[in-house]
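Geometric and topological summary
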Amino acid sequence: MTPSNQNNDLKAKLLADFRSLEERLNGASKTALHQTRREALHQFDRLGFPTIKHEEWKYTNVSSLIKEVFEFNAASQVTADDLVQLESSRLEGNVLYFVNGRYQPELSKIVSPAEQLTITTLDEAIKNTPDLLAQYFAQYADYRQDAFTALNTAFAQEGVFIHVPANTTVEAPTILRFLSDARAVNVASQPRNLFVVEKNAEVKVAESFRTLGDQASFTNVVTEIVLAEDARMEYYKVQNESDMAYHIGTTQVDQKDRSYFYSATVTLDGGFIRNNLNIALDGSECEAHMYGLYFPNGRQHIDNHTLVDHRQPNSHSNELYKGILEDRSTGVFNGKIFVRQAAQKTNAYQSCKNVVLSNDATMNTKPQLEIFADDVKCSHGTTTGKLNEEALFYMRSRGIPKDEAQSLLMYAFAEDVIAKIKIDPLREQIERRIQAKLAR
Amino acid sequence: MLTISNLQASIGSKEILKGINLDVKAGEVHAIMGPNGSGKSTLASVLSGREDYDVTGGSVTFEGKDLLEMAPEERAAEGIFLAFQYPVEIPGVSTTNFLKTAMNEIRKYRGQDPLDAVQFLKLMKEKMKLVNIDQSLLSRSLNEGFSGGEKKRNEIFQMAMLEPKLAILDETDSGLDIDALRIVAEGVNQLRSPERATIVVTHYQRLLDYIVPDYVHVLYKGRIVKSGPKELAFELEEKGYDWIKAEVETV
Ligand SMILES: Nc1ncnc2c1ncn2[C@@H]1O[C@H](COP(=O)(O)OP(=O)(O)OP(=O)(O)O)[C@@H](O)[C@H]1O
Ligand SMILES: [Mg+2]
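Residues numbered from 1 in each chain as written. Chains lettered and ligands numbered in written order. Predicted model: local features only at pLDDT ≥ 70, side-chain atom pairs only at ≥ 80, totals over all residues. Heavy atoms only, no water.

For chain B, the name recorded in an unreviewed UniProt entry is Fe-S cluster assembly ATP-binding protein, with Larkinella arboricola as its organism.

The name an unreviewed UniProt entry assigns to chain A is Fe-S cluster assembly protein SufD, from the organism Larkinella arboricola.

See below:
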């Protein structure tokens, strides 16, 4: 079979779905946004799903994903009672729930005053502020290169649009909870988010991904983040999905002069995960911090691809990803740093550290630095090793049982990344989940 | 308390302990001396349960129980403590948290209730004074970036906290300045009681001025080749090991 044949089923279904979407749109199909969707679909058709021959997908094989049959945007009855079992953190802030891609107003609450930020679903923004949306939508996440971004763009309908006006600090954090309700059937959703932080404004946003039920789920999410001059943002992505979950996500960040971006991507569980975090430092004196923690066990596969593109001088990027791999799990870290010729006086640091607890687990790391400026400070390093046996014996010789000693060591290893999560209830919840996973 | 009979241990195909016999009674202090590489640390490690070594023969009983059957953590809970020659650095785990976990695990093993935060802190304060160790050191990551002397002092602090029945000190004196040496010795002497015993591995007679042993043993090529009263240590200090080596070779 040729690669394109392998893709046929899911791809053909999606192309057909798009045609019926257009029929439902009627008049709306003439809008600029829909023209972008149509172009994105064309790109998706052209690109097809990637195979492992594709350099960016060498270790992450989507062939089993595209063999599954999913129901997109499946209707679901999730009530507040169903949420109890998820033991989500109680966050004082704006909480927006999406189930199988659909917004759930009855589960959601928005507490921030309207003058601090505008927070709407993408759907509403398409209807109510199409011109504002069109300024940013699909201007950053490149649907011409990446099939999943193209697919998400083609079907962009549900998600969140956050707009923070200039010189405002939004105190309350915002958390977007994306829930796949896979209790009855295989489900798929394609959330599309856009966060625009205007000059000298500040906001904190977290995205959380969870699964209910044992059927397969597929989440293909794209988030575009636009930081104007002096804007500041904290961004967290937390994944706690089932072993039957497929998750492909791209977060695309664009930073202007003196803006500050701070992120942590924490993957506690999830069957098949690919996270792309792409940051374009399109201004000088920017700062970008990227932290990551992934903790696969069983047969889980977790892939983090990051890209920092230093386009202007005097910016600083800093990256630390850590992984703990158990059982037969696999992990991938691919960290690209570009320093363009104009980006003199760049400081770029990258580090990826892994502990592999079993002989059957595998970690693939690939740092990639491409530097075209001459006056820069760059460093990168990756390590992959076992748990320190000496430390383990030392602890046991003091009376700490082996399992307990192992968990203490693993927790200590993860601790510096966990500490980077500055929203307290979110961090505490992650601490509890990690401790529970370690105690298993 | 501790009876070691004909203990043999190897690592890979290398035989290191070739038949150790030693009897330690409650209340006693035994010093073990001997040239580099003779097997002193190996003996200490085997007693505390390090899994890198294969015990190929002999037996060890501790208070009537088969020690070799026990996991390292069980040995600790039974009352054995090893002060490491090279204490391990453990980033991200504070000494305080580590010790609290260790103490409460040992208490659990013994069927005792865990210490609460207040009780633990009180005990810690008391023992900190004893070994003259600073609070700031204990809230840092365990041994990480500690000086050689600070690491050794931290070992004695842990020993003071855990109050073992049998303490094995592997060259706890090396790398210590005179004041620290005295503090360490005091820590050990405080624990001396008719119910407890200590094995002190050292190269220097100096330590034995402070911790006066009941017996001195010389370990050479995996065997205890000579035992005697504390005066043996003076003789070794004066004459070195050549005469003992010569004695062993002629036998
Ligand atoms: N893990 C190991 N692998 C190989 N050989 C080992 C290992 N551990 C110990 N040995 C060897 O066993 C012998 C005894 O070592 P040991 O550390 O017990 O000596 P020691 O008497 O404590 O010496 P020192 O006075 O230098 O501390 C040495 O020859 C050493 O090289
Ligand atoms: Mg030694």
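Points about the packing of aromatic side chains
Enumeration over the complete set of coordinates arrives at 18 aromatic pairs over all chains. Seen in terms of ring centroids, Phe70(A) and Tyr246(A) are 6.3 Å apart; in terms of plane orientation they differ by 85°. Their pairing is edge-to-face. Separated by 176 residues along the polypeptide, Phe70(A) in the loop between helix H3 (63-67) and strand E1 (71-72) and Tyr246(A) in strand E12 (residues 245-255) bring together distant segments of the chain. For Tyr246(A), a relative accessible area of 10% translates into the label buried. The positively charged end of Lys437(A) is found above the aromatic ring belonging to Phe295(A), 4.9 Å away from the centroid. Sitting over the face of the ring of Tyr204(B), Arg206(B) holds its NZ or CZ atom 6.0 Å from the ring centroid. (Phe/Tyr/Trp six-rings, centres within 6.5 Å; stacked < 30°, edge-to-face > 60°. Helix = DSSP H or I, 4+ residues; strand = E, 2+ residues; numbered from the N terminus. Buried < 20%, exposed > 50% of the residue type's maximum accessible area, 1.4 Å probe, protein only. Lys NZ or Arg CZ within 6 Å of the ring centre and 35° of its normal.)

Here's the deal with the coordination of the magnesium ion (ligand 2)
All names here are of chain B. Distances from the magnesium ion (ligand 2) to its protein donors, namely Ser41 (OG) and Gln85 (OE1), fall within the range 2.0 to 2.2 Å. Residue Ser41 is located in helix H1 (residues 40-48), and its partner Gln85 is located in the loop between strand E6 (80-83) and strand E7 (90-94); the two are separated by 44 residues in the primary sequence. Looking at Ser41, the relative accessible area reads 25%, which means it is partly exposed. (Donors = N, O, S within 2.8 Å, 3.2 Å for Na, K, Ca; no water.)

Side note on the sheet that holds strand E21 (residues 377-385) of chain A
All names here are of chain A. Spatial ordering of the open sheet is given by E3-E2-E6-E9-E11-E13-E15-E17-E19-E21, a layout of ten strands whose pairing is mixed. The open sheet is flanked by strand E3 (102-103) and E21, the only strands paired with a single partner. Where strand E15 (residues 287-294) meets strand E17 (residues 316-325), eight bridges bridge the pair, whose relative direction is parallel. Residue pairing in the sheet places Ala288 in a bridge with Ser317 of E17. Here helix H9 (residues 402-418) sits on the sheet in contact with E15, E17 and strand E19 (347-356), set at roughly 155° to E17. Relative to the sheet, helix H10 (residues 424-439) contacts strand E6 (174-181), strand E9 (202-212), strand E11 (232-240), strand E13 (260-269) and E15, its axis offset from that of E13 by approximately 30°. (Pairing = 2+ DSSP bridges. Contact = heavy atoms within 4.5 Å. Axes fitted to C-alpha atoms, helices over the stretch in contact; angles between N-to-C directions.)

A short note on the packing of helix H6 (residues 148-162) of chain B against helix H7 (residues 178-191) of chain B
All names here are of chain B. For the pair H6 and H7, interaxial distance at closest approach is 10 Å and the crossing angle is 15°. Between H6 and H7, the angle falls in the class roughly parallel. Like other packed secondary-structure pairs, H6 and H7 cross with a definite hand, here left-handed. Along the contact surface, H6 presents Arg153, Ile156 and Met159, while H7 presents Ala180, Ile183, Val184, Gly187, Val188 and Leu191. Of the residues that constitute the contact of H6 with H7, the class distribution is seven nonpolar, one polar and one charged. (Parallel < 35°, antiparallel > 145°, perpendicular 65-115°, else oblique. Left-handed = near helix turned anticlockwise from the far one by under 90°. Nonpolar A, V, L, I, M, F, W, Y, C, P; charged D, E, K, R; others polar.)

Section: the UniProt feature "domain: ABC transporter" (unreviewed entry) in chain B
The UniProt record marks residues 2-246 of chain B with the feature "domain: ABC transporter" (unreviewed entry), using the residue numbering of this structure. Across residues 2-246 of chain B, helical content stands at 41% and strand content at 29%; the span's end C-alpha atoms are separated by 30 Å. (UniProt positions renumbered as here; feature names shortened; annotations may be inferred.)

Section: the confidence of the model for chain B
The pLDDT averaged across chain B works out to 92; a share of 100% of its residues lies at or above 70. Predicted complex, confidence summary: ipTM 0.95, pTM 0.88. (pLDDT = per-residue confidence, 0-100.)

A look at the sheet that holds strand E4 (residues 54-62) of chain B
Residues and elements named next belong to chain B. With antiparallel pairing, four strands are arranged side by side in an open sheet as E2-E1-E4-E5. This sheet does not close on itself; its edge strands, each paired only once, are strand E2 (14-24) and strand E5 (65-66). In this structure, strand E1 (residues 2-11) lies alongside E4, joined through seven bridges in antiparallel fashion. By the bridge assignment, Ser5 is partnered in E4 with Ser59. Taken strand by strand, H1 contacts E1, E2 and E4, and its axis lies near 110° from that of E1.

Quick look at the layout of surface pockets
Residue and element names in this part refer to chain A. Size it by volume and the largest pocket reaches roughly 700 Å³. Lining the largest pocket are 33 residues, with Asp142, Gln145, Asp146, Asn278 and Leu307 sitting closest to its centre. Looking at the lining of the largest pocket element by element, the count peaks at five residues for strand E14 (residues 272-281). Taken together, the residues of the lining of the largest pocket break down into twelve nonpolar, twelve polar and nine charged. (1 Å grid on protein atoms, 1.4 Å probe; cavity = no way out; pocket = protein on both sides within 12 Å on 5 of 7 lines; lining within 4 Å. Points joined across faces, edges and corners; volume = space filled by probe spheres on them.)

Details of the site of ligand 1
Residue and element names in this part refer to chain B. Neighbouring residues of ligand 1: 15 residues in total, closest Gly37, Lys40, Ser41, Thr42 and His203. For ligand 1, an oxygen atom lies 2.9 Å from a polar atom in the side chain of Asn36. One of the side-chain nitrogen or oxygen atoms of Lys40 is found 2.8 Å away from an oxygen atom of ligand 1. Element by element, the count of residues in the shell around ligand 1 is highest for H1, at three residues. (Near = heavy atom within 4 Å. Polar contact = N/O pair within 3.5 Å; in protein donor to acceptor, adjacent residues only side chain to side chain.)

Notes on the interface of chain A and chain B
If you look at the interface, chain A gives 16 residues, while chain B gives 30 residues. The junction of chain A with chain B conceals about 2000 Å² of combined surface from both sides, 64% of it contributed by carbon and sulfur atoms. A per-residue breakdown of the area chain A buries against chain B is headed by Phe393(A), Tyr394(A) and Arg398(A), which together make up 40% of the total. Linking chain A to chain B there are four salt bridges. Two residues, Arg50(B) and Glu390(A), come together in a salt bridge whose shortest N-O distance is 2.8 Å. Between chain A and chain B we count ten residue pairs in polar contact (both at pLDDT 80 or more) in total. Those elements giving two or more residues to the side of chain A that touches chain B turn out to be helix H8 (389-396) and H9 of chain A. Residue contributions to the side of chain A that touches chain B peak at six residues, all from H8(A). Classifying every residue of the side of chain A that touches chain B gives nine nonpolar, two polar and five charged. (Buried area = accessible area lost by both parts, 1.4 Å probe. Salt bridge = Lys/Arg side-chain N within 4 Å of Asp/Glu carboxyl O.)

What to know about the domain arrangement of chain A
All names here are of chain A. By domain assignment, chain A separates into domain 1 (3-282) and domain 2 (388-440). Listed by partner, the interface residues are 21 residues for domain 1 and eleven residues for domain 2. Across the domain 1/domain 2 interface, buried area totals approximately 1400 Å², and carbon plus sulfur atoms make up 66% of it. The largest contributions to the domain 1 side of the interface with domain 2 come from Tyr236, Tyr262 and Leu268, which together make up 34% of the buried area. Counting across the domain 1 and domain 2 interface gives one salt bridge. A salt bridge links Lys437 to Asp269; the nearest nitrogen and oxygen atoms lie 2.7 Å apart. Looking at the side of domain 1 that touches domain 2, the elements that each hand over two or more residues are E9, E11 and E13. Here the side of domain 1 that touches domain 2 is composed, by residue class, of twelve nonpolar, three polar and six charged. (Domains from an automatic or database assignment.)

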